[in-house]
Amino acid sequence: MLSYNLNHLRELEAETIFIIREVAAQFERPVLMFSGGKDSIVMVHIAVKSFRPAKLPFPLLHIDTGHNFPETLDFRDALVERIGARLIVGSVQESIDSGRAVEETGPNASRNVIQTVTLLDTIEKYGFDAAMGGGRRDEEKARAKERFFSHRDCFGQWDPKNQRPELWNLFNGLKNLGEHFRVFPLSNWTEMDIWQYILLEQVSIPSLYFAHQRECVNRKGVLLAKSDYIKLMDGEKWEKMKVRFRTIGDMSCTGATKSDAATVEKIIEEVAIARSTERGSRADDKRSETSMEDRKREGYF
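Since this is a predicted model, take the numbers as computed values, not measurements.

**Student:** Explain the overall build of the protein here, please?
**Tutor:** Helix and strand content of the protein: 8 helices and 10 strands. A compact globule built from 301 residues should have a C-alpha radius of gyration of about 19 Å, and the protein, at 19 Å, falls within 12% of that. Dimensions along the principal axes, computed over C-alpha positions, put the protein at roughly 55 × 55 × 40 Å. Residues counted as buried form 53% of the 301 residues belonging to the protein. Considering only intrachain contacts with a sequence separation of at least 6, the fraction spanning at least 24 residues in the protein is 73%. If you sum the accessible surface of the protein, you get close to 14400 Å²; carbon and sulfur atoms cover 50% of it. Each charge class in the protein can be summarised by its mean position, and for the 44 positive and 46 negative side chains these summaries are 1 Å apart.

If you want it as structure tokens, here you go:
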């Protein structure tokens with residue numbers, strides 16, 4: 001049986017509870033972003049603990065690209081029903097149909113970039129003044145720059161050079177009309193912390209995270225799962241292999257990793273020897289050296 005530092009995990013949990021409660025206290029219309037991935041699942045789990053026995057004082061928001069793994073949507077709906085939360089879904093397909101967003105074309109097309117339009121439109125539609133996300137600083141260098149309370153201007157944009165100090169866990173949520181905040185309660189967690197907490201708390205997660213047989217294509221080192229959204233290029237072929245996913249997102253750009261890990265304990269062993277973050281399997285992050293930061297400046301999470 002794997003061991004974990006209980007005090008460390010409880011300190012992280014307490015910090016996250018404090019931040020989530022601070023958001024509920026400071027903002028009038030907060031929302032919790034829910035992707036169906038492990039980080040947002042842990043955040044929901046801790047949010048439920050933060051207000052128990054009362055229900056969550058804010059809704060969950062899922063930005064649906066229309067290219068999600070079916071397993072993710074099934075898990076989302078079951079979780080929402082179990083905890084009695086209100087779910088709001090922003091549809092990228094509706095953004096495309098209305099002319100608000102233009103879909104990419106070509107063999108490497110992805111909806112991951114244009115979901116920013118849907119996110120900003122949904123935030124404006126419901127008047128959300130704070131959106132909590134499951135981003136962690138260890139995931140990617142752009143996310144490492146971000147504070148717990150990340151100010152966004154009236155265009156939803158982020159300026160990494162203009163962030164507010166957060167000394168002694170004092171968070172400044174003051175904003176002007178039309179502005180909002182992105183809040184990251186899991187900022188100080190690592191991928192290992194997330195998995196050890198899932199083990200400690202016996203948190204349910206989608207089956208995609210565990211090793212299973214799936215047809216994939218190797219596209220420039222990224223193993224893309226077979227779906228209606230991926231067209232084979234010259235010389236490519238589908239190959240059946242045993243894989244799992246370290247991160248869950250749009251099927252068109254979320255890569256799998258070869259694995260035999262069928263339990264949380266085995267996943268923790270894999271993470272312990274991994275030499276790249278889970279976003280190393282995301283094709284959308286490989287488009288340029290600054291792809292994540294560019295998207296965050298434009299309003300992406």
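That shown, we press on.
**Student:** Is there a simple way to think about the packing of aromatic side chains in this case?
**Tutor:** What describes a pair of aromatic rings is the distance from one ring centre to the other and the angle between the planes of the rings. Taken as a whole and judged by the stated rule, the model has 11 aromatic pairs. On the basis of an interplanar angle of 15 degrees and a centroid distance of 4.9 Å, the ring pair of Phe 149 and Phe 171 is categorised as stacked. Here the residue Phe 149 occupies a position in strand E5 (residues 149-152), and Phe 171 occupies one in the loop between E5 and strand E6 (180-183), the gap between them amounting to 22 residues. Phe 171 shares its class with Phe 149; the two are buried. Consider the rings of Trp 195 and Tyr 209, whose centres lie 5.5 Å apart with planes at 80 degrees: the pair is edge-to-face. Here Trp 195 is found in helix H6 (residues 191-201), whereas its partner Tyr 209 is found in the loop between H6 and strand E7 (212-219), with 14 residues between them in sequence. Relative accessible area serves as the criterion here: at 0%, Trp 195 is assigned to the buried category. Under the relative-accessibility criterion, Tyr 209 is labelled buried at 1%. Taken together, the aromatic side chains of Phe 18, Phe 27, Phe 148, Phe 149, Phe 171 and Phe 181 make up a single cluster linked through ring pairs. Stacked on the ring of Phe 148, the Lys or Arg Arg 137 has its end atom at 5.0 Å from the ring centre.

Cut-offs applied
- Residues numbered from 1 in each chain as written.
- Predicted model: local features only at pLDDT ≥ 70, side-chain atom pairs only at ≥ 80, totals over all residues.
- Heavy atoms only, no water.
- Helix = DSSP H or I, 4+ residues; strand = E, 2+ residues; numbered from the N terminus.
- Rg over C-alpha atoms; globule rule 2.2 N^0.38 Å.
- Buried < 20%, exposed > 50% of the residue type's maximum accessible area, 1.4 Å probe, protein only.
- Contact = heavy atoms within 4.5 Å.
- Areas by Shrake-Rupley, 256 points an atom, 1.4 Å probe, with all protein chains shown as cover.
- Lys, Arg positive; Asp, Glu negative; His and termini not counted.
- Charge placed at Lys NZ, Arg CZ, Asp CG, Glu CD.
- Phe/Tyr/Trp six-rings, centres within 6.5 Å; stacked < 30°, edge-to-face > 60°.
- Lys NZ or Arg CZ within 6 Å of the ring centre and 35° of its normal.

These values are about where atoms sit, not about what they do.
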